[in-house]
Number of protein chains: 2
Amino acid sequence: MTPATGEPSRGRRTARPSGDDRELAILATAERLLAEQPLSAISVDDLARGAGISRPTFYFYFASKDAVLLTLLDRVVAEADAAGLDPSLLPAAGPRAGWRHVITTYYESFRARRALIRAWAEARATNTEIRELWARVFADWTQRCAVAIDAERARGTAPPGPPALELAILLTSMNERALYATFSGDGPAVEETGIVEALLEVWLRAIYGASPVD
Amino acid sequence: MTPATGEPSRGRRTARPSGDDRELAILATAERLLAEQPLSAISVDDLARGAGISRPTFYFYFASKDAVLLTLLDRVVAEADAAGLDPSLLPAAGPRAGWRHVITTYYESFRARRALIRAWAEARATNTEIRELWARVFADWTQRCAVAIDAERARGTAPPGPPALELAILLTSMNERALYATFSGDGPAVEETGIVEALLEVWLRAIYGASPVD
DNA sequence: CCCGTTTCTCAACACCCTGTTGACTCGTTC
DNA sequence: GAACGAGTCAACAGGGTGTTGAGAAACGGG
């Protein structure tokens, strides 16, 4: 996915290996530094020195700092795709257990990559490609959730309500923002220990609870 | 509020007026430029030239580009405080109408200041003071919502559920993120025409709908 | 009316960061 | 062993930030 920015050197992989080592060193350095400081505080020079090369050499491997991040993110997205969580497969164990599993998995993958996701949000504000990657992942996820919601409605488990895709978008927006706040310690946020259950409760009520008559 | 960053010249206001004019010109320029381009694309020089002064002179009035934004945001926050929307005063017209009013007002003030809020989100990623301002506003808002929810529960209109403050945080997170996506045209988002009703539906279900037994 | 003080202004500077150029090294290949 | 491509970096060009120090311009008090 997203071949574009990061690769001024498409055919290089076939040649001798030391180049790949350098590329990996840059990626590893980026991940290490991101664990300690925000993206904006990391310079190309930091990445280059961390990988044991000079700045111009960095540009042989990546077009920019953002391109490094994009490569890391592509990797994460690929992993997530491989893990293959799919809300549309949920109803085995009843709604509560099913959706809890969905939200927990979302939570875990967020949690496991705090630093990266933080950087993702930071870069999203200024970089189009990164914003688009986010949009693609988001669209994919909400689409699957919408399918699951429609399935529940079709079999009579859930009552009718707003279009399933809208509901999925809103609930996922909530998860995204709330988890980000919780992990980044931004402002006031739900504590990490209870956040999955709290989110779950809202999901269940939004999907299964009827709206009050008035 | 937030006197800090923007004012290397505390006592100046008492003197002759042309200084204030310049300061206002900078603020107006910032607002004008933000309507067309993201914060990151605007340089201090752009702001200075737009206000008809040189870059060093800019620094006489503001400590940085972010300080200008912070001043604009303080202004918006003050206006919002003055308008005095307070969810804890809602129950006059029944839940649906009451909460619709709350969400609509939130939506309108977001909408009226798109550009500024966009910049706010952008700067929040890198600037501590701006992040803290956001956190303060957010905390204040959620606190009021929590009071309203507790009131509804106390008079038996709403069933028990997760702690009201948690619920308020989650629902506000949803609003914030979903409205931002809708206005910024980020990724997939609920269309602007239906977003208030969609949000309202989730709020009502989350607050008034019981959770399914399982 | 002049003189000190305060406000205000900016050319010039120091610095940091990004991205590019062009020359150089060094295996590989034919 | 010449030609090639991958890899490397000193040096440069350019744009941004924030500071310094030397003034101009307005006042206010004697």
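Residues numbered from 1 in each chain as written. Chains lettered and ligands numbered in written order. Predicted model: local features only at pLDDT ≥ 70, side-chain atom pairs only at ≥ 80, totals over all residues. Heavy atoms only, no water.

Colleague: Just give me the short version of the packing of helix α4 (residues 65–83) of chain A against helix α7 (residues 128–154) of chain A, but keep the residues and values in it.
Modeller: Residue and element names in this part refer to chain A. Contact pair α4 / α7: the axes reach a minimum separation of 10 Å and the direction vectors enclose 15°. Here α7 runs roughly parallel to α4, going by the angle between their axes. By crossing handedness, the relation of α4 to α7 is classed as left-handed. In this structure, α4 contributes Asp66, Leu69, Leu70, Leu73, Asp74 and Val77 to the contact, and α7 contributes Glu129, Ile130, Leu133 and Val137. Grouping the constituent residues of the contact of α4 with α7 by class yields 7 nonpolar, no polar and 3 charged. (Axes fitted to C-alpha atoms, helices over the stretch in contact; angles between N-to-C directions. Helix = DSSP H or I, 4+ residues; strand = E, 2+ residues; numbered from the N terminus. Parallel < 35°, antiparallel > 145°, perpendicular 65-115°, else oblique. Left-handed = near helix turned anticlockwise from the far one by under 90°. Contact = heavy atoms within 4.5 Å. Nonpolar A, V, L, I, M, F, W, Y, C, P; charged D, E, K, R; others polar.)

Colleague: Give me empty space enclosed by the protein: which residues, what numbers.
Modeller: One pass over the full model with this rule turns up 5 cavities of 30 Å³ or more. Its volume calculated, the largest cavity comes out at about 90 Å³. Contributing to the lining of the largest cavity are 14 residues, with A:Phe138, B:Arg177, B:Ala181, B:Gly187 and B:Pro188 lying nearest its centre. Secondary structure elements with two or more residues in the lining of the largest cavity: α7 and α8 (164–184) of chain A together with α8 (164–184) of chain B. Considering each element in turn, the lining of the largest cavity owes the most residues, 4 residues, to α7(A). For the lining of the largest cavity, the class distribution of residues is 8 nonpolar, 2 polar and 4 charged. (1 Å grid on protein atoms, 1.4 Å probe; cavity = no way out; pocket = protein on both sides within 12 Å on 5 of 7 lines; lining within 4 Å. Points joined across faces, edges and corners; volume = space filled by probe spheres on them.)

Colleague: Describe the packing of aromatic side chains, with residues and values.
Modeller: The tally for this structure, following the rule as stated, stands at 18 aromatic pairs over all chains. Judged by centre distance (5.6 Å) and plane angle (25°), the rings of B:Phe110 and B:Phe183 are stacked. Within this pair, whereas B:Phe110 is found in helix α5 (residues 95–112), its partner B:Phe183 is found in helix α8, the two being separated by 73 residues in sequence. B:Phe183 carries the same exposure label as B:Phe110, and that label is buried. Note that A:Arg124 overlies the ring of A:Trp134, its terminal NZ or CZ placed 4.2 Å from the centroid. (Phe/Tyr/Trp six-rings, centres within 6.5 Å; stacked < 30°, edge-to-face > 60°. Buried < 20%, exposed > 50% of the residue type's maximum accessible area, 1.4 Å probe, protein only. Lys NZ or Arg CZ within 6 Å of the ring centre and 35° of its normal.)

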